[in-house]
Amino acid sequence: MLHMLPDTAVLFAGGIPIPFEAQTTRLAASLGLPATDVQNAFWTMAVGALCAVCCSLAGCFLVLRRISLLGDALSHSVLAGTAGVYLLTGRVDPVPMLCGAIAAGIVTAVLTQFVHKAALVPEDSSIGIVFTSLFAFGVVVVSQAKHVHLDLDCVLFGDLAFAGVNLHPTFGWLVPESFRSLIPTLMITLLLLAVFWKELRLTSFDPTLAVTLGFSATLMHYLLTTVVAIVTVSAMDVVGLLVVALLIVPAAIARLLTDRLSTMLVLSCLIGVSCTTIGYLLALRWDSSAAGLSAVVAGAELLVAIVVSPKNGLLGRLLRTVRLRIRICAEDVLAGLFRRQERSDAPDKRVQASVSECHTLAGGGIMSVAALRWLLSRQLLQQAGPVMLLSETGLRYARSMVRSHRLWEAYLQENFNLPSDHLHDPAEAMEHFIGPGVQQQITEELSQSAEDPHGRAIPDVKRQDVR
Amino acid sequence: MFFTQTQIVLTGTLLLGIAAGMVGTFAVLRRRALAGDVVAHSALPGLCLAFLTFQSRSMLVLLSGALLSGLLGAVTVSLLKRFTRLRDDAVQGIVLSVFYGGGIALTRSIQNTHRNDPGADLESFIIGQAATMLKGDVQQIAVVVAVTAGIVLLLFKELKLLSFDEQFCQVQGWSAMGLDILLMLLTAITVVAGLPAVGVVLTAALLIIPPAAARFWSDRLSRMMMIACAIGGTSGVTGTLLSARYDGLPTGPLIVLTSTVIFALSWVFAPHRGVLWKSRDMTDLQSFLPWVESDDTVPRAPTTLDPHVSAQEAS
């Protein structure tokens, strides 16, 4: 053994090595903090991250299958399982407790369905009845238990903050107990994903098709429930009842950001890890509950996702609406200039308009400023001193707009027999959405496409002219 | 008048059970059973913030804060439903867990900063502590019950319409949204009133279990509501007595467990819908059961709890 022993932590461990110890010690030295503190923080974050990954993977399927509240129910009812085992055996051994908790999870899922189907109680009520009753049972038993390891506070609040403190020897390494107990959970979750990937995906998105293809949706439901129960039980030590936040919120955020299942799984894991890590650091800063703050961080991340999500975010939607409005205003200017040129004495001469006239055509306001900039930047308009000119491309664009407008008027009159004073307004709205393809279709359907119902010529555009 | 502590707590839990039964009936019929759960969980941060802002443990201050943040939770649920593509269940789970997480973080930091101040122990609100109920608290609960009962009785016809046929309610000129908001408000007030006794995690049970049990016994809304109130009151009283008898057992969970037992008994023994009734031999026995009308005069028991179906079949 040539490496140095820089701190007492290893001595205390009796020579069993701690993974990443050298790195955390080096980090501690560079930050000027005690080595044990940094090591604790590192392991707590590792436990939190592991916990978040397990929860997120299982949670994605809960969210997709619209049974998120089952996760909530399970997190409450596993207490009844551990309590029941304690009542039967009078001892606190990890393995029987785990089995009891898993059994309670499955019982919750089965009982919820049973109360719903057999007692004809609506599903939400049946979830509410089952999990509150089981939780109440658990609380009653635990409140009587004189055993230190059955602590109600731990269930209610979780103690992520201490997860990194208790190091236990495992396979020749010294790692925190909760880290050790979460590793098999992660294995089981990954195993489920690997073995039943296709079935899980199918039953999550189209249960009917799955059943007609011969996959049992019920079997998948209970398999998933079992895995969620296992995840919940092992995460319970660390985050308590707030395991439901780690199950649902990262998965929901990932759902907002993507439409692919695989991407969603990866994203939700990353988001979950960031929640527990930031939550833990904030808890250190404010001397508060790490699990609680992880949930709050998750909520904040959800808000951010709602606002900035590329496809469905509020910001994206707003941006698209603004862009469309600018385009419509700009197109109104082009069409207005084209009509003016048409009405002028010399239709071949390019029409001029002052800047203020262009603003009026665009409808005024800040939108018209943006619209003129849009036109100038695309060189559809040219500015010559105080006046604006339609450029060559602008003229073609405008001709196509007016053609769309008049074709639509003609189409409306021919097919819907509207009075002629009812044609302009719908065409004014539609002209912005009629591309060359639709123009072609309308032209083919109309009996004549030379004049619109008001007697004005429908300007012709060659194929390559349009937009 | 002189009350012993047990009498005070008994009165409080009895009133609480009645109020919850009344409001919960609509919640269960409207499929909003878990809305109460969301409100209860999201009340916790408001309670803590009220404590931090006013540095007072007066019930009125704490519960006002709780009510505000509970309502904020309910509003957040509807906003998220409106502006994102997340489903109902996910939205409820998100709001519930995030608000609860915020509450936990706040209680923990309050506890850490007020280590020597026993009055700062807000964690009792999580599981509830009925035994410490004061006379003033019971008076407040009494006011809540009176207000709730008044509103429910005044608008009984409208609320009934809303529960069974929302479209018809709207066609008749009643604002379904207004009535919905009113019901939400009543739910929130009841839940918040129940927080000190039953706690954040279990208050929802009071709203759900008694009405669900009452549903076994009647197809009439008025009767169902009365039965729900009775079951709620009974559970409150029984739970309190049990907790007083066996020292150290927490009151809130015992109240919930009592109502669960009543639910199970109703499921087994209720006429027409109960398990026993449905088994063949029992139908022959109905002449021996004096409290049950014979099948001819009673409308056929609906096959589901769906209010729409039962409304049609019972009419």
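Residues numbered from 1 in each chain as written. Chains lettered and ligands numbered in written order. Predicted model: local features only at pLDDT ≥ 70, side-chain atom pairs only at ≥ 80, totals over all residues.

Visitor: When you look at the overall build of chain A in this model, what are you seeing that I'm missing?
Guide: Of the regular secondary structure elements, chain A holds 19 helices and five strands. The proportion of buried residues among the 467 residues of chain A is 46%. (Helix = DSSP H or I, 4+ residues; strand = E, 2+ residues; numbered from the N terminus. Buried ≥ 20, exposed ≤ 12 C-beta atoms within 10 Å, placed from the backbone.)

Visitor: Just checking my understanding: could you explain the overall build of chain B for this structure?
Guide: Per the secondary structure count, chain B includes 15 helices and zero strands. Put simply, chain B has 315 residues, and 51% of those count as buried. Restricting to contacts in chain B with at least 6 residues of sequence separation, those with at least 24 account for 72%. (Contact = placed C-beta atoms within 7 Å.)

Visitor: Explain helix 10 (residues 203–214) of chain B to me, please; I cannot follow it from the model alone.
Guide: Along an α-helix, residues three or four positions apart point the same way, because every turn accommodates 3.6 residues. The element helix 10 of chain B is extensively covered by neighbouring structure, given that 12 of its 12 residues are classed as buried. Listing the buried residues of helix 10 of chain B in full gives Thr203, Ala204, Ala205, Leu206, Leu207, Ile208, Ile209, Pro210, Pro211, Ala212, Ala213 and Ala214 of chain B. Next to the buried residues of helix 10 of chain B lie helix 6 (123–144) of chain A together with helix 1 (5–29), helix 2 (35–54), helix 9 (176–198), helix 11 (221–245) and helix 12 (251–269) of chain B.

Visitor: Looking at this model, I keep getting lost on the confidence of the model for chain B. Mind explaining?
Guide: Atomic detail in the predicted coordinates should be set aside for any region of low pLDDT. Residues and elements named next belong to chain B. Confidence along chain B averages 83 in pLDDT terms, with 86% of residues attaining 70 or more. Confidence drops under pLDDT 50 across residues 294–303; counting only partners more than four residues distant or on other chains, this segment forms 13 contacts. Predicted confidence is poor over residues 309–315, with pLDDT under 50, and the contacts of this stretch with residues over four places away or in other chains come to 12 contacts. Our summary of model confidence lists the complex with pTM equal to 0.82 and ipTM equal to 0.85. (pLDDT = per-residue confidence, 0-100.)

Visitor: Is there a simple way to think about the packing of helix 14 (residues 314–343) of chain A against helix 16 (residues 365–377) of chain A in this case?
Guide: A pair of packed helices can be characterised by two numbers: the angle between their axes and the separation between those axes. All names here are of chain A. It is the contact of helix 14 with helix 16, at a shortest axis distance of 8 Å, that shows an interaxial angle of 75 degrees. Here helix 16 runs roughly perpendicular to helix 14, going by the angle between their axes. Of the residues in helix 16, those in contact with Arg325, Ile326, Cys329, Ala330 and Val333 of helix 14 are Met367, Ser368, Ala370, Ala371, Trp374 and Leu375. (Axes fitted to C-alpha atoms, helices over the stretch in contact; angles between N-to-C directions. Parallel < 35°, antiparallel > 145°, perpendicular 65-115°, else oblique.)

Visitor: What is the right way to read the interface of chain A and chain B from this model?
Guide: The figure often quoted for interface size is the accessible area lost as the parts come together. Residue-level contacts link 50 residues of chain A with 47 residues of chain B. Where the side of chain A that touches chain B is concerned, the elements lending two or more residues are helix 4 (68–89), helix 6, helix 7 (152–157), helix 11 (243–257) and helix 13 (290–308) of chain A. It is helix 6 of chain A that contributes the most residues to the side of chain A that touches chain B, 13 residues altogether. Looking at the side of chain A that touches chain B, its residues break down into 31 nonpolar, 14 polar and five charged. (Nonpolar A, V, L, I, M, F, W, Y, C, P; charged D, E, K, R; others polar.)

Visitor: Can you walk me through helix 4 of chain A in this structure?
Guide: Residue and element names in this part refer to chain A. Between its first and last C-alpha, helix 4 extends 33 Å over 22 residues, near the 32 Å set by a 1.5 Å rise per residue. Where helix 4 bends most, the angle comes to about 30 degrees, and this point is histidine 76. With 19 of 22 residues buried, helix 4 lies mostly within the body of the structure. Glycine 90 lies just past helix 4 and shows a positive phi near 75 degrees. (Expected span 1.5 Å × (residues − 1). Bend = angle between axes of the 7 residues up to and from the residue.)

Visitor: Can you help me understand the sheet that holds strand 5 (residues 387–390) of chain A in this one?
Guide: Think of a sheet as strands paired side by side through backbone hydrogen bonds, with each pair either parallel or antiparallel. All names here are of chain A. In spatial order, the strands read 3-5-4; together these three strands make up an open sheet with antiparallel pairing. At either end of the open sheet lies a strand with only one pairing partner, and these are strand 3 (352–354) and strand 4 (381–384). Taking the axes of each pair of neighbouring strands and ignoring which way they run, one obtains an average angle of 35 degrees across the sheet. As judged from the three bridges shared by strand 3 and strand 5, these two strands associate in the antiparallel manner. When the sheet's bridge partners are listed, serine 354 is paired in strand 5 with valine 387. Of the strands in this sheet, strand 3 and strand 5 are in contact with helix 15 (residues 355–362), which crosses strand 3 at around 90 degrees. (Pairing = 2+ DSSP bridges.)

Visitor: Honestly, the pairing of strand 4 of chain A in this entry has me stumped. Any pointers?
Guide: Two faces make up the sheet, and in a regular strand the side chains alternate between them. Residue and element names in this part refer to chain A. Sheet topology places strand 4 next to strand 5; four bridges connect them, and they run antiparallel. Note that in strand 5 the partner of glutamine 383 across the bridge is methionine 388. Where strand 4 folds back on strand 5, the antiparallel hairpin that results is connected by two residues, among which glycine 385 adopts a positive phi of roughly 65 degrees.

Visitor: I would appreciate a short explanation of the domain arrangement of chain A in the present structure.
Guide: Per the domain assignment, the segments of chain A are domain 1 (15–312) and domain 2 (317–465). Here the C-alpha centroids of domain 1 of chain A and domain 2 of chain A sit 58 Å apart. (Domains from an automatic or database assignment.)

Visitor: I would appreciate a short explanation of the confidence of the model for chain A in the present structure.
Guide: Looking at chain A, the pLDDT average stands at 83 and 89% of residues meet or exceed 70. For the stretch residues 463–467 of chain A, pLDDT sits under 50, and the model shows nine contacts to residues farther than four places along the chain or on other chains.

Visitor: Whenever I open this one, the environment of valine 38 of chain A confuses me. Can you help?
Guide: All names here are of chain A. With respect to the helices and strands, valine 38 occurs in helix 3 (residues 35–64). In sequence terms valine 38 and alanine 28 are 10 residues apart; their C-alpha atoms lie 5.8 Å from each other. Beyond its immediate sequence surroundings of up to four residues, valine 38 is in contact with Thr24, Leu27, Ala28, Leu31 and Leu33.

Visitor: In this structure, what is going on with the environment of leucine 67 of chain B? I would like to understand it.
Guide: Residues and elements named next belong to chain B. Relative to the assigned elements, leucine 67 resides in helix 3 (residues 59–83). Classification of leucine 67 as buried rests on a count of 22 C-beta atoms within 10 Å. Each C-alpha atom, one on leucine 67 and one on valine 192, is 6.0 Å from the other, the two residues being 125 residues apart in sequence. Leaving out residues up to four positions away in the same chain, leucine 67 has contacts with Ala188, Ile189 and Val192.

Visitor: Which parts of the structure should I look at to understand the nonpolar core?
Guide: Note on soluble globular proteins: their nonpolar side chains tend to be buried together. All names here are of chain A. Formed by 203 residues in total, the largest nonpolar core has its most connected members in Cys51, Ile248 and Ala252. With 18 residues, the single largest contributor to this core is helix 3. Among all residues touching cysteine 51, those that are not within four sequence positions of it are Leu182, Ala235, Val238, Val239, Leu246 and Thr276. With 25 residues, the next largest nonpolar core counts Ala353, Cys358, Ala371 and Leu390 among its residues. (Core = buried A, V, L, I, M, F, W, Y, C linked by C-beta atoms within 7 Å.)

Visitor: Explain the environment of leucine 50 of chain A to me, please; I cannot follow it from the model alone.
Guide: Residue and element names in this part refer to chain A. Here leucine 50 lies in helix 3. Separated by 132 residues in the primary sequence, leucine 50 and leucine 182 have C-alpha atoms spaced 6.9 Å apart. Setting aside anything within four residues of it in sequence, one finds leucine 50 in contact with Phe179, Leu182 and Leu186.

Visitor: Honestly, unusual backbone geometry in this entry has me stumped. Any pointers?
Guide: Excluding glycine, a negative phi dihedral is what most residues carry, and trans is how most peptide bonds are arranged. All names here are of chain A. Backbone geometry at aspartate 287 places phi at a positive 55 degrees, although glycine is not the residue there. Backbone geometry at glutamine 379 places phi at a positive 60 degrees, although glycine is not the residue there. Residue placement: glutamine 379 occurs in the loop between helix 16 and strand 4. Judged by local crowding, glutamine 379 falls into the exposed class, with 11 C-beta atoms found within 10 Å.

Visitor: Please explain the packing of helix 15 of chain A against helix 16 of chain A as it appears in this structure.
Guide: All names here are of chain A. Between helix 15 and helix 16, the least distance of the axes is 9 Å, while the angle of their chain directions is 115 degrees. Taken together, helix 15 and helix 16 sit at an angle that is classed as roughly perpendicular. Pair helix 15 / helix 16 crosses with right-handed handedness. In this structure, helix 15 contributes Cys358, His359 and Ala362 to the contact, and helix 16 contributes Met367, Ser368, Ala371 and Leu372. (Left-handed = near helix turned anticlockwise from the far one by under 90°.)

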